[in-house]
Amino acid sequence: MERVRRAAHAGSWYTNNAKKLEEELDGWLGAAGLTKSPDVRGVIAPHAGYSYSGRCAAYAFGNIDPTNISRVFLLGPSHHYYTPKCALTKATVYRTPIGDLPVDQEAIEELSATGKFEFMDLSVDEAEHSMEMHLPYLSKVFQGHTVKVVPILVGALSSQSEAMYGQLLSKYVDDPSNFFSVSSDFCHWGSRFSYSYYDKKHGAIHKSIEALDRMGMEIIETGDPVAFKQYLQEYENTICGRHPISIFLHMLKHCSTKIKIGFVRYEQSSQCKSMRDSSVSYASAAAKVDASGEEENND
């Protein structure tokens, strides 16, 4: 029986007009001007409304060569629903205005059989935007190719749980037909986010925010989940996809293929100049096979 997850945020967070959406995505992908590479096996990309983060996201999704990929694992943080675990979808199809993405039932059953996952209700699934905002881009990039998605809602995990899920999912990284789309925005700054860290040595507030984000991005690029956790504890940077990113870092640490994350784009929704301002940061990264050490098992 088909169970459809509607494109619940179409018409508000992005246009529900298929023609206009295609034009926007094509425009952003064209402007990013990236060369598609089969070595890119995952991305980290933002999930805000497209008027804010659509352009930045193109710098992640524009790297994808869809030729040999048949399955995309989607890891998104949970904004509304509390769980200390990861949750799988009950839907069989994820709808987008520009084409539907079937859910890989086989992979869902395999993950469910580990006993480590719960299932989210369709209402929880549809209320969450973190994975939905990646779907139109995936639908666009994989046009003309057969691909299935494995959506995983990532709850408020402990460090131990992040490591456990990372280890559990790492085997999928070694199969080049699998791809990983990790959803995260970066610093949410201002009183409405209860976060106003400001290091004056960087000058204007937005410069301080950028320095803080770039420090986190550089740590993510080292691939060290422990260093990333220490950074989050020290600065409490409001990176909403910190748990999905941490799982991804553990996955890359435990798989046999040597993969390196590299950030390619950074933007802010606005430039904060006073303590009354607020902004959200967006960063896009590609996780690419590191040919120099492909044979090593960096366990």
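None of these values were measured; they are calculated from a predicted model.

### Regarding the overall build of the protein chain
Here is step 1: Within the protein chain, the regular secondary structure consists of nine helices and twelve strands.
Here is step 2: Relative to the 2.2 N^0.38 estimate, which gives 19 Å for 299 residues, the radius of gyration of the protein chain is 18 Å and therefore close to what a compact globule would have.
Here is step 3: Overall, the C-alpha framework of the protein chain stretches about 55 × 45 × 40 Å when taken along its three principal axes.
Here is step 4: When each of the 299 residues of the protein chain is scored for burial, the buried share is 57%.
Here is step 5: Counting only contacts in the protein chain whose residues sit at least 6 apart along the sequence, the fraction spanning at least 24 positions is 83%.
Here is step 6: Of the roughly 12,600 Å² that the protein chain leaves accessible, carbon and sulfur atoms contribute 47%.
Here is step 7: Charged side chains of the protein chain number 30 positive and 37 negative; the gap between the two group centres comes to 5 Å.

### Some points on the layout of surface pockets
Here is step 1: As a volume, the largest pocket reaches approximately 240 Å³.
Here is step 2: Lining the largest pocket are 14 residues, and of these Pro77, Ser78, Cys240, Arg242 and His243 sit closest to its centre.
Here is step 3: Its residues placed into classes, the lining of the largest pocket shows six nonpolar, seven polar and one charged.
Here is step 4: Here the second largest pocket is characterised by a volume of approximately 190 Å³.
Here is step 5: Along the walls of the second largest pocket sit Trp13, Ala48, Gly49, Tyr52, Asp185, His188, Arg192, Phe193, Ser269, Ser278, Val280 and Tyr282, which together make up its complete lining.
Here is step 6: Within the lining of the second largest pocket, the residues separate by chemical class into six nonpolar, four polar and two charged.

### Considering the confidence of the model for the protein chain
Here is step 1: Averaged over the protein chain, the pLDDT score is 96; the fraction of residues at 70 or greater is 98%.
Here is step 2: For residues 294-299, every residue scores under 50 in pLDDT, and the model assigns this stretch 15 contacts once sequence neighbours within four places are set aside.

### Overview of the sheet that holds strand 5 (residues 93-94)
Here is step 1: Judged by pairing direction, the sheet is mixed, and its three strands sit side by side in the order 1-5-6 without closing on themselves. Both edges of this open sheet fall to strand 1 (4-5) and strand 6 (101-102), since each of them pairs with a single strand only.
Here is step 2: Across two bridges, the pairing between strand 5 and strand 6 is antiparallel. Paired with Val93 across the strands is Pro102, a residue of strand 6.

### A few points about the packing of aromatic side chains
Here is step 1: Counting across every chain of the model gives twelve aromatic pairs.
Here is step 2: Feature note: the residues Tyr14, Trp28, Tyr50, Phe61 and Tyr137 constitute an aromatic cluster, connected by ring pairs.

### As for the pairing of strand 3 (residues 71-77)
Here is step 1: Of all the seven residues making up strand 3, seven are buried; the element is thus mostly covered by neighbouring parts of the structure.
Here is step 2: On strand 3, burial covers both faces: Arg71, Phe73, Leu75 and Pro77 on one face and Val72, Leu74 and Gly76 on the other are all buried.
Here is step 3: Alignment of strand 3 against strand 8 (residues 148-154), held across seven bridges, turns out to be parallel. What sits directly across from Leu75, in strand 8, is Ile152.
Here is step 4: Note: strand 3 against strand 9 (residues 178-183), five bridges, orientation parallel. If you follow Val72 over to strand 9, its bridge partner there is Phe179.

Rules and cut-offs
Residues numbered from 1 in each chain as written. Predicted model: local features only at pLDDT ≥ 70, side-chain atom pairs only at ≥ 80, totals over all residues. Heavy atoms only, no water. Helix = DSSP H or I, 4+ residues; strand = E, 2+ residues; numbered from the N terminus. Rg over C-alpha atoms; globule rule 2.2 N^0.38 Å. Buried < 20%, exposed > 50% of the residue type's maximum accessible area, 1.4 Å probe, protein only. Contact = heavy atoms within 4.5 Å. Areas by Shrake-Rupley, 256 points an atom, 1.4 Å probe, with all protein chains shown as cover. Lys, Arg positive; Asp, Glu negative; His and termini not counted. Charge placed at Lys NZ, Arg CZ, Asp CG, Glu CD. 1 Å grid on protein atoms, 1.4 Å probe; cavity = no way out; pocket = protein on both sides within 12 Å on 5 of 7 lines; lining within 4 Å. Points joined across faces, edges and corners; volume = space filled by probe spheres on them. Nonpolar A, V, L, I, M, F, W, Y, C, P; charged D, E, K, R; others polar. pLDDT = per-residue confidence, 0-100. Pairing = 2+ DSSP bridges. Phe/Tyr/Trp six-rings, centres within 6.5 Å; stacked < 30°, edge-to-face > 60°.

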